[in-house]
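If you want the building blocks of each chain, they are given just below.
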Amino acid sequence: MRRKPLGQMLHEAGNGTDGRKLVRSFGVLQLTMISVGATLGTGILVILGDSVPLAGPAVFISFLIAGVAALLSAVSYAEMAGMVPVSGSSYSYTYATLGEGMAWICGWCLVLEYAVSVAAVAVGAGQYINESVAGFGWALPDFISQPPGSGGFLNLPAMAIVLLAMFLLVRGAKESAVINTVIVFVKIVILLFFCAIAFTAFRAGNFSPLMPMGAAGVSAAASRVFFSYIGFDAASTAGEEAKNPQRDLPRAIMLSMLIVTSLYVLVAVAAVGARQWTWFAGTQAALVQILLEITHQPWMGLVFSVGAVLAIASIVLTVLYGQTRILMSMSRDGLVPKIFGRISERRGTPVAGTLIVGIAVALTAGLIPLGALADATSIGTLFAFALVNVAVIHLRRTRPDLKRSYKVAFYPATPILGSLMCLYLMVNLGGITWVVFVAWMLVGLLAYFGYGRRHSRVAALTEAEYRELSARSLETIDMFDAASPVPAAGLPHTKAPKQ
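Residues numbered from 1 in each chain as written. Predicted model: local features only at pLDDT ≥ 70, side-chain atom pairs only at ≥ 80, totals over all residues. Heavy atoms only, no water.

(A) Molecular detail of the overall build of the protein chain. Helices and strands together make up the secondary structure of the protein chain, namely 20 helices and zero strands. The proportion of buried residues among the 499 residues of the protein chain is 60%. Counting only contacts in the protein chain whose residues sit at least 6 apart along the sequence, the fraction spanning at least 24 positions is 84%. Surface summary for the protein chain: the accessible area is close to 18600 Å², and the carbon and sulfur share equals 68%. (Helix = DSSP H or I, 4+ residues; strand = E, 2+ residues; numbered from the N terminus. Buried < 20%, exposed > 50% of the residue type's maximum accessible area, 1.4 Å probe, protein only. Contact = heavy atoms within 4.5 Å. Areas by Shrake-Rupley, 256 points an atom, 1.4 Å probe, with all protein chains shown as cover.)

Here is the structure:
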């Protein structure tokens, strides 16, 4: 139940387990592009064909419901990111407010969210690669483009995209951010290009009946397409590599949500307006198929498919980045092995952790089908988002004196509604998804009590040391300079238990 003192958290920001520092190189543009890059495209490019049969023409309402749920949590993320600009995202926020046990559960959910969502998105890339080469009369055999259980042996395109992103991240965060920014602009252009073509075949009659599966279908689709909004919190994992995190992180999170929600609704309306909702059942790479049927020009499908592969690559790149930074924070606290927090002196990034995560995610993407991955990712994310809303309420009540660069509007209604909306969407997920989630939590508890609890730095403090550290942290927290994370004067140095 011990909470990690905020002052200690800020004092450690930017440092690896080996004492080396991360490089602060991100401004508001790069942070926004990290958030957009990790979010935009997933639901539209990968799971639209699975969502329309659930909701019917009202799938755009499902996107709006999921967007509202995400926005309610996004404002809470913005407040916490401006106040605690560290790389641990909701894991760190929970550690500072609800204690180590809940922080571990949140961090374990984030592993499910980030690592598994990377694998899920990469799986969808194989569909678009097939569409790209189809323009030349080629096709990748299922044996190397589908996972076991879907008619294949190994999804090599999915593995290749993950490994490419891994090597880019190993080269350096700044270089990866530049590449991601370019790809995000390409992604926005191809989605607007699709809308321009699809609206030429728009038929209002395609929206009648609006909800053939009823409100329950719309809710079920909203729970599934919430997967599309996973990633806006990726900007918060860059807190220790941002030039001015208190100012720029809240701006980046809110701006990215506005961009993503607007484009999702626009593309969903254009797609359903161009084709009846029953057409989408069993369709892979739906947007490419719509373009080909409207224009009868194979080159258009080729251009869009190449753009879609780039878009998916940017999601893989940014979400994989977030996962490595969260594990770095957990490693710094002693809850996972030190190797995840070691920073390369040459690259200024956690190279070893990036390689381990990248290889593990690549194998997952190559061997597990998309549907199982997407739903499992959503439930872990919703739980983590709910905890961030609770963290905002907790700190408003216990530390109203803390400086906040952004405040949630309509407090406490907004974070309460955010938590309830997340729980509502969790309930609407299938029973198998809940079984997977409970099993994942049990494995996480075994890992915590088998390793994390015994190696925790906060747990290793004596009661006197913990009280002293907490008291001194509270005195010096407002003196922290985000642009230059210098240790606060007088903070006692704590050694991690031997690993």
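(B) The arrangement of the packing of aromatic side chains in detail. Following the criterion strictly, the structure yields 16 aromatic pairs and no others. With a centroid separation of 5.7 Å and an interplanar angle of 40 degrees, the aromatic rings of Phe-199 and Phe-202 are classed as tilted. Overall, the relative accessible area of 35% leaves Phe-202 in the partly exposed class. Note on Tyr-229 and Tyr-264: the rings are 5.3 Å apart at their centroids and 90 degrees apart in plane angle, and the pair reads as edge-to-face. With Tyr-229 in the loop between helix 11 (214–225) and helix 12 (245–274) and Tyr-264 in helix 12, the pair connects residues that are 35 residues apart, well separated along the chain. Residues Tyr-229 and Tyr-264 agree in their burial class; the two are buried. An aromatic cluster of three or more residues is present, and its members are Trp-104, Trp-108, Trp-440, Tyr-448 and Phe-449. Over the aromatic face of Tyr-411 sits the side chain of Arg-396, whose NZ or CZ is 4.4 Å from the ring centroid. (Phe/Tyr/Trp six-rings, centres within 6.5 Å; stacked < 30°, edge-to-face > 60°. Lys NZ or Arg CZ within 6 Å of the ring centre and 35° of its normal.)

(C) Expanded view of a nonpolar patch on the surface. On the surface, Phe-167, Leu-355, Ile-359, Leu-363, Leu-367 and Ile-368 cluster together to form a nonpolar patch covering roughly 520 Å² of accessible area. No other element matches the four residues that helix 15 (residues 351–367) contributes to the nonpolar patch. Tracing the sequence through the fold places Phe-167 in helix 9 (residues 156–171). (Patch = residues over 30% accessible without salt bridge, like charges linked within 9 Å, V, L, I, M, F, W, Y side chains within 5 Å. Salt bridge = Lys/Arg side-chain N within 4 Å of Asp/Glu carboxyl O.)

(D) Examining the side chain of Ser-76 more closely. Take Ser-76: it is sitting in helix 5 (residues 59–83). Taking the relative accessible area as the measure of exposure, Ser-76 reaches 0% and is therefore buried. A distance of 2.7 Å separates polar atoms of two side chains, one belonging to Ser-76 and the other to Asn-389. Excluding anything up to four places from it in sequence, Ser-76 contacts Val-388, Asn-389, Val-392, Val-408 and Pro-415. (Polar contact = N/O pair within 3.5 Å; in protein donor to acceptor, adjacent residues only side chain to side chain.)

(E) Seen up close, helix 11. Here helix 11 contains 12 residues, and its C-alpha end-to-end distance of 17 Å stays within 8% of the 16 Å for a straight helix at 1.5 Å per residue. Among all positions in helix 11, only Gly-217, Val-218, Ser-219, Ala-221, Ala-222, Ser-223 and Val-225 are buried. (Expected span 1.5 Å × (residues − 1).)

(F) Molecular detail of the packing of helix 2 (residues 28–39) against helix 10 (residues 173–198). Relative to each other, helix 2 and helix 10 sit at 60 degrees, their axes nearing to 9 Å. Classified by the angle between their axes, helix 2 and helix 10 sit oblique to one another. The two elements helix 2 and helix 10 meet at a crossing, and its hand is left-handed. Judged by residue contacts, Gln-30, Met-33, Ile-34, Val-36 and Gly-37 of helix 2 engage Ala-177, Asn-180, Thr-181, Val-184, Phe-185 and Lys-187 from helix 10. Residue composition of the contact of helix 2 with helix 10, by class: six nonpolar, four polar and one charged. (Axes fitted to C-alpha atoms, helices over the stretch in contact; angles between N-to-C directions. Parallel < 35°, antiparallel > 145°, perpendicular 65-115°, else oblique. Left-handed = near helix turned anticlockwise from the far one by under 90°. Nonpolar A, V, L, I, M, F, W, Y, C, P; charged D, E, K, R; others polar.)

(G) Representation of helix 2 within the structure. Counted at 1.5 Å a residue, the expected span for helix 2 with its 12 residues is 16 Å, and the 17 Å between its end C-alpha atoms agrees. Among the residues of helix 2, Leu-31, Thr-32, Met-33, Ile-34, Ser-35, Val-36, Gly-37, Ala-38 and Thr-39 are the ones counted as buried.

(H) Just the nonpolar core, in detail. Core analysis: the biggest nonpolar cluster contains 147 residues, and Phe-63, Met-80, Phe-194, Leu-287 and Val-316 have the highest contact counts within it. Excluding anything up to four places from it in sequence, Met-80 contacts Tyr-93, Val-388, Ala-391, Val-392 and Leu-395. (Core = buried A, V, L, I, M, F, W, Y, C linked by side-chain atoms within 4.5 Å.)

(I) Structural view of the side chain of Thr-39. Along the chain, Thr-39 falls in helix 2. Taking relative accessible area as the criterion, Thr-39 reaches 1% and is therefore assigned buried. Here the side chain of Thr-39 touches Ser-35 through a polar contact of 2.7 Å, landing on its backbone oxygen.

(J) Representation of unusual backbone geometry within the structure. Here the amide bond leading from Ser-208 into Pro-209 is cis, since omega sits at -5 degrees, within 30 degrees of zero. With respect to the element layout, Pro-209 can be found in the loop between helix 10 and helix 11. Cis geometry is found at the peptide bond from Tyr-411 to Pro-412, where omega equals 5 degrees. As for its position among the elements, Pro-412 is in the loop between helix 16 (370–398) and helix 17 (413–427).

(K) Examining the environment of Gly-88 more closely. The topology assignment puts Gly-88 in the loop between helix 5 and helix 6 (90–97). Of the residues examined, Gly-88 reaches a relative accessible area of 0% and is grouped as buried. Taking the C-alpha atoms as reference, Gly-88 lies 8.8 Å from Ala-238; in sequence the two are 150 residues apart.

In short, geometric facts, not functional conclusions.
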